[in-house]
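Now for the letters of each chain:
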Amino acid sequence: MIPLHPVTDVDHACPHCHVRLGVKGWYIPGMRNLAELACSQCGREFYGDLPAGHGLHYPMLLEKATGVVHDRVSVPWFSEWLYASYTQRRSEPLNLHVEEYKPVRRAVLLNCLDFRYGHCLLKLLNAQHYLDRRPDLGLIVLVPRYLRWLVPEGVASIWTVDLSLSRGIEWNDWLGQEIHRRIEELEECYLSVAFSHPHPDDVAIEKFTRVTPFPVHEWEERLYRPTVTFIWRGDRLWIGAPSDGIPEGEIGSSSCATLEQSLKIVTLATRLRKRLPGLDFAVAGLGKPGGLPEWILDLRMTTPDEEAERRLCQRYARSHVIIGVHGSSMLLPSAHAGAVIELMQEERWGNALQDLLLRKGDLREALFRCRVLPLTLSVDALCNVVVSLLDDWTGMLLHMQRKWCLHESGLISSAWVEAREQLHRRRSLRTLTIVTINTESPEERRVRGESLSGAADCSAGTLRELGHEAYDFYANDEALQKTWMHEHRLRVQGAQPSEPNAALLQHVRKAAEAPVRHFKDLIRPVLQALDSRHSWFYEILSTQIGHHQPDVLLVRDAGGIKGDFLKEIKPCVRLLVGQVTSTLPGRDELGCYDLVIASSPDAVAQCRSLGVRAELLGSAFDPQELVALVRQYL
């Protein structure tokens, strides 16, 4: 911390006399934190940067009389900003909104005003250090309005300045005098160093955005829906790799370059989609939405507000991989996503990592999840990197994670083998075989379809889009079911129903353990004993289940299938799910299900009161039926 009030201390030398300048006071007219200085020999007066923010690394001196900036560290952009702000200084009042949360007499001021969004945000991240480690000091945050939503809880006061980013360089004497007046009311005040690149150990991004980052320990479980987000930036474009087969644009030709970037993003998403079934691909960032295929989620916006920014952070936190061109637009995405791929312009390699917020943890894990690659990388090469990140992350942990590399305990082979088997089991869940049974009659299905009321027939198609094998069977439609048997070169042998007996049920249990090709023959003797319907109903249904051996068997009407059949068929499926839409079936049927889903809280409560695991599945529209419904009333 830097002493600010009542005594300011800073070390600057007169550029003419080369003696230490005397400190007369301090002044903060905007983004610059300045000391008022005077030379005891030549009498010249200066403003000099206090060692905060970029002034810590690049301290400048400005002569009050002439506006000349003395840059002894040769950083032109920082000296030019100081000169421009001083020569164009203003004094009109600004909208300064002060929020007081706790009374303080001793404080530290964190100035987050700046001309660059990334600079403002990175300065703000210094707040956590004072909240965690200096509870004896009240933290005052000076912040532009567009960053107010990111100020963490626990600060003593928030001073919000209604100053746009384009005016962030501004020197405003009214603001300087107002800040000075408020600070002088305190007994003691320090200025935060406000490191321009705070260390990851000092930052937990969820304290600022209130959004929990991607849980990397759930990497595999979430791969049923691989999620990738490209960060759009209109002034730094992903262009220039001739091997992509896309016409090259030029930065100077904005329309051509923007079109090239759009084509490359769509090409990347298309190629990823072919290799990653169920891909969820989005484009986010500052820009005008439109011009992308419908299956790419377009989250671009021209003027984001607080709620929109938080929703974007939630999207980043759901993303396995974030991709984008180097720049401040990568700060919040990289802080929340599971992994990040940054495309770097050749002239900016010296700025690598400045725009990435990495998590604490093992260095090798961080290196694996964070890739900085040339901007000229081709679409195919980038596609390969994304797929590798998704597929190889947990495998890398099995070989390199710290707990498997401890010399003291060594590698406990049984624990490692169990971890490997868990990985394989999780990977096997990426692609499921899901069979849905609908027990409606053809007439009931026709009426439902015409009325647009009831369960839509879209589940199989949607699940297949997510990369799973999915099948819908209409068990009560004799024509459809017998057609299925005919297409699979199987024959239905009708028989009269009879009463079930223990011997036949035992026969079914053996059938569940038999190879698929023997399933039908072994189970047929018991089928007629299970229901008063024609024997083809359960005969074909059992054959279909035996043929597909689904991971998940979903019965649309939980009471539409007899409990005896469910009990005997259960060993053939990994998860048996029943859906309740109206009347609750009896305990015998419900008790067979591993899970019951219901569309009303009352039905869920009734199921749970019977000791059956149940979850609420709210009503929704199949998009196609929603369109049809709207057309009916237009």
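Residues numbered from 1 in each chain as written. Predicted model: local features only at pLDDT ≥ 70, side-chain atom pairs only at ≥ 80, totals over all residues. Heavy atoms only, no water.

(A) Geometry of the overall build of the chain. Looking only at helices and strands, the chain has 21 helices and 23 strands in total. Classification of the 634 residues of the chain by burial places 50% in the buried group. Considering only contacts within the chain whose residues lie at least 6 apart along the sequence, 61% involve residues at least 24 apart. Counting only carbon and sulfur atoms, one obtains 52% of the accessible surface of the chain, whose full area is about 30,600 Å². (Helix = DSSP H or I, 4+ residues; strand = E, 2+ residues; numbered from the N terminus. Buried < 20%, exposed > 50% of the residue type's maximum accessible area, 1.4 Å probe, protein only. Contact = heavy atoms within 4.5 Å. Areas by Shrake-Rupley, 256 points an atom, 1.4 Å probe, with all protein chains shown as cover.)

(B) Quick peek at the environment of Gln 549. Within the secondary structure layout, Gln 549 lies in the loop between α17 (536–548) and β20 (552–555). Of the residues examined, Gln 549 reaches a relative accessible area of 38% and is grouped as partly exposed. Each C-alpha atom of the pair Gln 549 and Thr 433 lies 7.7 Å from the other, and the pair is 116 residues apart in sequence.

(C) Highlighting the sheet that holds strand β21 (residues 575–580). Spatially, the six strands line up as an open sheet ordered β19-β18-β20-β21-β22-β23, and their pairing is parallel. This sheet does not close on itself; its edge strands, each paired only once, are β19 (469–474) and β23 (614–616). Taken pair by pair, the neighbouring strands of this sheet meet at an average axis angle of 20 degrees, ignoring direction. Bridge count between β20 and β21: four bridges; the pairing is parallel. (Pairing = 2+ DSSP bridges. Axes fitted to C-alpha atoms, helices over the stretch in contact; angles between N-to-C directions.)

(D) Expanded view of the environment of Leu 109. Position of Leu 109 relative to the elements: it lies in strand β8 (residues 106–111). Expressed as a C-alpha distance, the spacing of Leu 109 and Leu 137, which sit 28 residues apart in the sequence, is 9.8 Å. Look past the residues within four positions of Leu 109 in its chain and what remains in contact with it is Leu 4, Ile 28, Ile 140, Leu 142, Trp 159, Ile 179, Ile 183, Cys 189, Tyr 190, Leu 191 and Ser 192.

(E) View of the packing of aromatic side chains. One pass over the full model with this rule turns up 17 aromatic pairs. Relative to Phe 78, the ring of Tyr 58 has its centre 6.2 Å away and its plane inclined at 65 degrees; by these criteria the two rings are edge-to-face. One end of the pair, Tyr 58, is in the loop between β4 (45–49) and β5 (61–63); the other, Phe 78, is in helix α1 (residues 76–87), with 20 residues separating them in the sequence. Residue classification places Phe 78 among the buried positions, given a relative accessible area of 4%. (Phe/Tyr/Trp six-rings, centres within 6.5 Å; stacked < 30°, edge-to-face > 60°.)

(F) View of the pairing of β21. Burial within β21 is extensive, with five of its six residues counted as buried. Note that the unit made of β20, helix α18 (residues 563–569) and β21 has a crossover that is right-handed. In this sheet, strand β22 (residues 595–598) lies alongside β21 in parallel orientation, the contact comprising four bridges. Along β22, the bridge assignment pairs Gly 578 with Val 596. (Right-handed = clockwise from strand over helix to strand, strands pointing away.)

(G) Structural detail: α1. For α1, spanning twelve residues, the distance from its first C-alpha to its last is 16 Å, which sits close to the expected 16 Å at 1.5 Å a residue. Among the residues of α1, those classed as buried are Phe 78, Ser 79, Trp 81, Leu 82, Ser 85 and Tyr 86. Along α1, the residues classed as buried sweep out an arc of 155 degrees about the axis, all on the same side. Buried residues belonging to α1 abut β4, β5, β6 (69–70) and α2 (117–124). (Expected span 1.5 Å × (residues − 1). Arc of directions from axis to C-beta.)

(H) Summary view of the sheet that holds strand β10 (residues 157–161). With mixed pairing, six strands are arranged side by side in an open sheet as β1-β11-β8-β9-β10-β7. The open sheet terminates on both sides in strands that have one partner only, identified here as β1 (2–5) and β7 (96–100). Taking each pair of neighbouring strands and ignoring which way they run, the sheet shows an average axis angle of 25 degrees. Examined bridge by bridge, strand β9 (residues 138–144) and β10 share five bridges and lie parallel to one another. Across the sheet, residue Pro 144 finds its bridge partner in β10, namely Val 161.

(I) Spotlight on helix α20 (residues 601–609). Looking at α20, one finds that the buried residues are Ala 603, Val 604 and Cys 607. Take α20 and look down its axis: the buried residues cluster within an arc of 100 degrees, on one side only. Exposed side of α20, more than 90 degrees from the buried face: Pro 601, Asp 602 and Ser 609 are the residues found there. Positioned one or two residues after α20, Gly 611 has a phi angle of 85 degrees, which is positive.

(J) Inspection of the state of the cysteines at higher detail. The final tally for this structure, using the stated rule, is zero disulfides. In this structure Cys 17 is not part of a disulfide, and its nearest cysteine sulfur, from Cys 42, lies 3.6 Å away. With no disulfide of its own, Cys 120 has Cys 112 as its nearest cysteine by sulfur position, at a separation of 7.5 Å. (Disulfide = S-S within 2.5 Å.)

(K) Layout of the pattern of salt bridges. Throughout the structure, instances matching the rule amount to 31 salt bridges. Taking the shortest distance from any N to any O, the salt bridge between Lys 64 and Glu 36 comes out at 3.1 Å. Residue Lys 64 is found in the loop between β5 and β6, and its partner Glu 36 is found in strand β3 (residues 34–38); the two are separated by 28 residues along the sequence. The residue Arg 145 makes a salt bridge to Asp 162 at a minimum N-O spacing of 3.5 Å. With Arg 145 in the loop between β9 and β10 and Asp 162 in the loop between β10 and α4 (173–184), the pair connects residues that are 17 residues apart, well separated along the chain. When its relative accessible area of 38% is taken as the criterion, Asp 162 is described as partly exposed. Among the ionic contacts, a cluster of salt bridges with common partners joins Arg 90, Glu 92, Arg 167 and Glu 170. (Salt bridge = Lys/Arg side-chain N within 4 Å of Asp/Glu carboxyl O.)

(L) Summary view of the environment of Lys 102. Mapped onto the elements of the fold, Lys 102 is located in the loop between β7 and β8. With relative accessibility at 38%, the residue Lys 102 sits in the partly exposed group. Spatially, the C-alpha atoms of Lys 102 and Gly 138 are 7.9 Å apart, while their sequence positions differ by 36 residues. What Lys 102 contacts, discounting residues up to four positions off in sequence, is Gly 154, Val 155 and Ala 156. Polar contacts involving the side chain of Lys 102 include one to the main-chain carbonyl oxygen of Gly 154, which spans 3.2 Å. (Polar contact = N/O pair within 3.5 Å; in protein donor to acceptor, adjacent residues only side chain to side chain.)

(M) Region of the structure containing the nonpolar core. Formed by 47 residues in total, the largest nonpolar core has its most connected members in Leu 4, Leu 109, Trp 159, Val 161, Ile 179, Ile 183 and Leu 191. Beyond its immediate sequence surroundings of up to four residues, Val 161 is in contact with Leu 94, Asn 95, Leu 96, Leu 113, Leu 142, Val 143, Pro 144, Arg 145 and Leu 175. The next biggest cluster of nonpolar side chains, apart from the first, holds 45 residues, and it includes Ala 127, Ala 194, Val 203 and Leu 357. (Core = buried A, V, L, I, M, F, W, Y, C linked by side-chain atoms within 4.5 Å.)

(N) How the structure looks around the packing of helix α14 (residues 478–487) against α17. Remark: α14 packs on α17, axes separated minimally by 10 Å, with the N-to-C direction vectors making an angle of 45 degrees. As far as their axial angle goes, α17 and α14 are oblique. Where α14 crosses over α17, the two elements pack in a sense that is left-handed. Residues Glu 478, Gln 481, Lys 482, Trp 484 and Met 485 of α14 touch α17, and the partners they reach there are Trp 536, Ile 540, Leu 541, Thr 543, Gln 544, His 547 and His 548. When its residues are assigned to classes, the contact of α14 with α17 shows five nonpolar, five polar and two charged. (Parallel < 35°, antiparallel > 145°, perpendicular 65-115°, else oblique. Left-handed = near helix turned anticlockwise from the far one by under 90°. Nonpolar A, V, L, I, M, F, W, Y, C, P; charged D, E, K, R; others polar.)

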